[in-house]
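Structural description and commentary
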Amino acid sequence: MKELTKQYEAAKQNSIEFMRTGQISDYFKALLEMNKYKRLLVAVVAN
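Summarised in this report is the structure supplied together with it. (Residues numbered from 1 in each chain as written. Predicted model: local features only at pLDDT ≥ 70, side-chain atom pairs only at ≥ 80, totals over all residues. Heavy atoms only, no water.)

Tallying secondary structure elements over the protein gives two helices and zero strands in all. Put simply, the protein has 47 residues, and 19% of those count as buried. By element, 58% of the accessible surface of the protein is carried by carbon and sulfur atoms, the whole surface being about 3,700 Å². One finds the centroid of the 8 positive side-chain charges in the protein at a distance of 6 Å from the centroid of its 5 negative side-chain charges. (Helix = DSSP H or I, 4+ residues; strand = E, 2+ residues; numbered from the N terminus. Buried < 20%, exposed > 50% of the residue type's maximum accessible area, 1.4 Å probe, protein only. Areas by Shrake-Rupley, 256 points an atom, 1.4 Å probe, with all protein chains shown as cover. Lys, Arg positive; Asp, Glu negative; His and termini not counted. Charge placed at Lys NZ, Arg CZ, Asp CG, Glu CD.)

Spelled out as structure tokens, the structure:
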């Protein structure tokens, strides 16, 4: 659980940095990665 949270936060920071620098493609990839970790966190909490 802690590892998933760390990975989610890292992806979040990456997405913010990509957004600031205007790297749209990388920004969207980071958002998809955040979504993946968010779904995994929800699945872990549900069980």
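Quick look at a nonpolar patch on the surface now. There is a patch of nonpolar side chains on the surface, built from Met1, Val44 and Val45 and spanning about 290 Å² of accessible area. Position of valine 44 relative to the elements: it lies in helix H2 (residues 24-46). The class for valine 44 is partly exposed, based on a relative accessible area of 41%. (Patch = residues over 30% accessible without salt bridge, like charges linked within 9 Å, V, L, I, M, F, W, Y side chains within 5 Å. Salt bridge = Lys/Arg side-chain N within 4 Å of Asp/Glu carboxyl O.)

This next bit is on the packing of aromatic side chains. Per the counting criterion, the structure on display carries one aromatic pair. Their ring planes at 45 degrees and their centres at 5.6 Å tell us that tyrosine 27 and phenylalanine 28 sit as a pair that is tilted. Residue tyrosine 27 is classed as buried on the basis of its relative accessible area, which comes to 19%. The exposure class of phenylalanine 28 is partly exposed, given its relative accessible area of 48%. The ring of tyrosine 8 is capped by lysine 38, whose NZ or CZ atom sits 5.2 Å from the centre of that ring. (Phe/Tyr/Trp six-rings, centres within 6.5 Å; stacked < 30°, edge-to-face > 60°. Lys NZ or Arg CZ within 6 Å of the ring centre and 35° of its normal.)

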